[in-house]
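Descriptive structure summary
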Amino acid sequence: MANSGGGGAVADASDPSLAAGIHEDEDKDAVYPAIGFVDVQVNGYVGVDFCSTGLTESDFCRAARALLKTGTVAFLPTVITASVEEYAHVLPIIGKCIKKPEFADSILGIHLEGPFISSKPGAVGAHRPKYTRAPDPDFLQQLVEWSQDTVRLVTIAAELPGAAELCRWCSTREKRGVGRNIVVSLGHQLAGSAQMAALAAEGACMLTHLGNGMPNTVNRHHNPLLAGLSVPQLAAGIIADGFHLPEHVLRVMLYCKGVDNLVAVSDMAPICGCAPGAYDCLGTRVVLEENFRVSEFGKDNLAGSGSTLTQCANVLRTTLRVRVVRRRVRACVRALLPFRRATDFRCSLGLPVLSLCFCACSSCADYLFIRAQRQSYGCESVSYTHLTLPTKRIV
């Protein structure tokens, strides 16, 4: 959590302007069919906080069902930096729900965003500094056990002592025969390019909401944003809700990382889907505004997002004029796989920017869903700005 239709791939990735997709749509009024979106960063929904000691199994399922009607077809419930008591309460509940047949192909696992992150102001974001920890494989193993082995993604700060050891522990679990590998993402950090590159060599493959979860004032050359852009092995998660990243920053990221290495996330706060107002959220008093902006009460810094990933997709279409090309659907589907090192995944943990719209064909489901079960989709749909997303799935 930070503060501060035919679907297809681009026509020619060798052309930077085409790779970025910064063009006007040839048919502005076209509405393309789409399977939907995979969101790797969901802190809660409709008032249900996935990191609260008040979480119940019924509340979690209610929030999941509601989210899956918004155009998100699969997601990772995200548990932020928390106390031992909070982890011991929420992880078993979420793990149990993930194993329900109802959510077998839609809740892909847990994202632990912390506690192995920086406690420094700015870098810690909206997390509570007192609960941050140095990277500790033994403690992570405890969290994995509480989750019933459903942790699939963990965010850590690359500069912390022990980060390389923890990354190695995550990326070799399958090889050691102790469980599924855990995808490592780098975020809420003050790391430099050498530190990030070293973690990439140990198996890290993503950056958590790049450009957020960092101080407002940094060295003009040596800072986590530029460092993250400079390491090609790291796909960049981006919160494209219209508030977390300005348009020109999104463009720079798109040029630097390319289509296949940008992953749109919502980072939605638990109050996403609620009426505007003030709420206690993730241990912090926050305000949800009518324009879906979420900020700490009495402050200007952001505290998660009030937008779904579908709303973020529409921001990307309108700000970057993302072009959907009605061909090369299979190339578009292959772009669903940015986590090349995570051999235990059969799907992406997010959607690259230009792959936000997909052809509604069964071949996509092989990549989109972890179980690789073939699905077919009905015609019932809801229109969002230039997007049509199924609301009813027919097996």
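Considering the nonpolar core
Counting 80 residues, the largest nonpolar core has Leu-112 and Leu-186 as the members making the most contacts within it. The element best represented in this core is helix α3 (residues 84–98), accounting for seven residues. Apart from residues no more than four positions distant in its own chain, Leu-112 is found in contact with Val-79, Tyr-87, Leu-91, Leu-140, Leu-143, Val-151, Leu-153, Val-154 and Thr-155. Counting 13 residues, the second largest nonpolar core, distinct from the first, contains Val-40, Leu-108, Val-183 and Met-206.

Comments concerning the packing of aromatic side chains
The final tally for this structure, using the stated rule, is three aromatic pairs. Between Phe-50 and Phe-60 the ring centres are 4.9 Å apart and the planes differ by 50°, which places this aromatic pair in the tilted class. In this pair, Phe-50 sits in the loop between β4 (48–49) and α2 (57–67) while Phe-60 sits in helix α2, placing the two residues ten residues apart along the sequence. With 6.4 Å between their ring centres and 85° between their planes, Phe-116 and Phe-139 make a pair best called edge-to-face. Taken together, the residues span a long stretch of sequence, with Phe-116 in the loop between β6 (110–113) and α4 (137–146) and Phe-139 in helix α4 at a distance of 23 residues. In terms of burial, Phe-116 and Phe-139 fall into one category: buried. Pairwise contacts between aromatic rings join Tyr-87, Phe-116 and Phe-139 into one cluster. Seen from the ring of Phe-139, Arg-133 lies directly overhead, with NZ or CZ sitting 3.7 Å from the centre.

Some remarks on the pattern of salt bridges
Summed over all chains, the structure comprises twelve salt bridges. A salt bridge links Glu-247 to Arg-251; its shortest N-O distance comes to 2.8 Å. One end of the pair is Glu-247 and the other is Arg-251, both in helix α8 (residues 247–257) and four residues apart, which spans about a single turn. Glu-247 sits in the partly exposed class, given a relative accessible area of 36%. The buried category is assigned to Arg-251, whose relative accessible area is 18%. Residue Lys-299 pairs with Glu-296 through a salt bridge whose shortest N-O separation is 3.8 Å. Put simply, Glu-57, Lys-96 and Lys-100 are held in one network by salt bridges that share partners.

Details of the side chain of His-111
Mapped onto the elements, His-111 comes out in strand β6. Classification of His-111 by relative accessible area gives buried; the value is 1%. At 3.0 Å, the side chain of His-111 and the backbone oxygen of Val-40 are in polar contact. If near-sequence neighbours (up to four positions away) are discounted, His-111 is found in contact with Val-40, Gln-41, Leu-76, Pro-77, Thr-78, Val-79, Leu-153, Val-154 and Thr-155.

The rules behind these values
Residues numbered from 1 in each chain as written. Predicted model: local features only at pLDDT ≥ 70, side-chain atom pairs only at ≥ 80, totals over all residues. Heavy atoms only, no water. Core = buried A, V, L, I, M, F, W, Y, C linked by side-chain atoms within 4.5 Å. Buried < 20%, exposed > 50% of the residue type's maximum accessible area, 1.4 Å probe, protein only. Helix = DSSP H or I, 4+ residues; strand = E, 2+ residues; numbered from the N terminus. Contact = heavy atoms within 4.5 Å. Phe/Tyr/Trp six-rings, centres within 6.5 Å; stacked < 30°, edge-to-face > 60°. Lys NZ or Arg CZ within 6 Å of the ring centre and 35° of its normal. Salt bridge = Lys/Arg side-chain N within 4 Å of Asp/Glu carboxyl O. Polar contact = N/O pair within 3.5 Å; in protein donor to acceptor, adjacent residues only side chain to side chain.

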